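Topology and contacts: notes
Residue-level listing of the chains:
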Amino acid sequence: MAGFYIHIPFCASRCIYCGFYSTLTPRAEKAAVVDLYVDALCKEAATQRHYIFGEKSDPVERLETIYFGGGTPSQLHARHIEKIFRCIAENYADRMANYADMEITLECNPDDITPEYAENLRHLPINRISMGAQTFSDERLKFLRRRHKAADVQTAIDRLHHAGIENISIDLMFGFPEETMKEWQTDLQEAIKLNVEHISAYSLMYEEGTPLFHMKQEKKIKDIDEETSLAMYEMLINQLTKAGYEHYEISNFARPGYRSLHNSSYWHEVPYIGLGASAHSYGDGTRKWNISNIKTYMDSIACNRLPYEIEILNQNMQYNDLITTALRTREGINLTNFKRKYGEERLNYLLHEAKPHLDLGNMELSKHHLSLTRKGLFTSDDIMSDLIYIED
């Protein structure tokens, strides 16, 4: 299994919390920038198959997921998305199934899903939508500088269903300044009423360099205390699991059969190619990332150069990556695969470091898997920190 992550850095407006690389969508008179960016994406795609597929004639890895992230991918016109799909098919046909058999996700803003946009999606291979709802309070949406209103989420879902898209995920946030437990419960109830297939929920983060971070530094706002944040997380788990969602990763919940295959690849060492400015790739013991500058990215691609940095991952680095990704999942670490890759000595090290957490009931061993318990989810960062390997 392998995947594509395609970074679309354009946004109609910037949310105050976002730390991802993005830029404002060019106005109509500058729309050629988007055309040029998509051209660069396609050119990069045509030259990067060796990163995870190498030169082998017998296909081992298969391209099974494509994820358009951002930024705001729904700022792209349908013709841009069609062009990207044509390019992938032309260059990876021997390494992929039909688009209909793949998971293909597009991140969207609710207010971008106009009737016309939804109808365009009907004619594209996209079969999964990830939508940023964040909260169902118009006041908090305004605080975040989100473009949509709370009611737009249901409208967008209805339009997507009419267009034949049945696999929909929404993002939620909790832990807003001065948010109460009752307000969070209301958001959860509204989310459950939507009856979507997947929900991702995250505590509001104060990423350095964002307007939200500066507001906190200037004491214009105050984040909630840790006790309230943990209580909100517990309510999240209780409410969504009661509603029939599977809690399969620390921040992710899915109806049976609707886990995010693409995001799961990040947690299970599945190789992927990242296309676009600031996009990351992973595979064959390396991790690389493109420059976070659209102009430099496009200019370099035009000159047949890809501006990126690469990191060679030694065994200790790969081990630490596994600790901080696989332990996020319900299944945790497959110890049979772990021993095969890292050897018995490292397995003994892992189990030795895990023993205090096993004794406290924060971790469990079951069917050759080491995983966090429900109790351990609340101190997951501390547990992972204890298990990572620090070289002398």
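Residues numbered from 1 in each chain as written. Predicted model: local features only at pLDDT ≥ 70, side-chain atom pairs only at ≥ 80, totals over all residues. Heavy atoms only, no water.

Most of strand 7 (residues 167–174) is tucked away, with eight of its eight residues classed as buried. Neither face of strand 7 is left uncovered, since the one carrying Asn167, Ser169, Asp171 and Met173 and the one carrying Ile168, Ile170, Leu172 and Phe174 both have all their residues buried. Examined bridge by bridge, strand 7 and strand 8 (residues 198–203) share six bridges and lie parallel to one another. For Asp171, the partnering residue across the bridge sits in strand 8 and is Ser200. Regarding topology, helix 7 (residues 181–194) serves as the crossover connection from strand 7 to the parallel strand 8, and that connection is right-handed. (Buried < 20%, exposed > 50% of the residue type's maximum accessible area, 1.4 Å probe, protein only. Helix = DSSP H or I, 4+ residues; strand = E, 2+ residues; numbered from the N terminus. Pairing = 2+ DSSP bridges. Right-handed = clockwise from strand over helix to strand, strands pointing away.)

In this section: the sheet that holds strand 17 (residues 369–372). Taken in spatial order, the three strands line up as 15-17-16 in an open sheet, and their pairing is antiparallel. For this open sheet the edge positions go to strand 15 (333–334) and strand 16 (363–366), each flanked by a neighbour on one side alone. Taken together, the two bridges between strand 15 and strand 17 define a ladder with antiparallel strand orientation. Bridging from a neighbouring strand, Asn334 pairs with His369 of strand 17.

Let us now look at unusual backbone geometry. Residue Gly71 is bonded to the preceding Gly70 through a cis peptide linkage, with omega at 20°. With a phi close to 65°, Arg145 is a non-glycine residue in the positive phi region. The class of Arg145 is partly exposed, set by a relative accessible area of 46%. The backbone phi angle of His368 is positive, close to 65°, even though this residue is not glycine. Within the element layout of this structure, His368 appears in the loop between strand 16 and strand 17.

For the rest of this paragraph, the subject is helix 4 (residues 115–122). Among the residues of helix 4, Tyr117, Ala118 and Leu121 are the ones counted as buried. When helix 4 is viewed along its axis, its buried side chains cluster within an angular range of 100° and face the same direction. Residues of helix 4 that are exposed and angled more than 90 degrees away from the buried face: Pro115 and Glu116. On its buried face, helix 4 is in contact with helix 3 (78–92), strand 5 (103–108), strand 6 (128–134) and helix 6 (151–162). (Arc of directions from axis to C-beta. Contact = heavy atoms within 4.5 Å.)

A few words now on the pairing of strand 6. Counting buried residues along strand 6, seven of its seven residues qualify, which places the element largely inside the surrounding structure. A two-sided burial pattern is seen for strand 6, the buried positions comprising Arg128, Ser130, Gly132 and Gln134 on one face and Ile129, Met131 and Ala133 on the other. Between the parallel elements strand 5 and strand 6, the chain passes through helix 4 in a crossover that is right-handed. The pairing of strand 6 with strand 7 spans six bridges and is classified as parallel. What sits directly across from Ile129, in strand 7, is Ile168.

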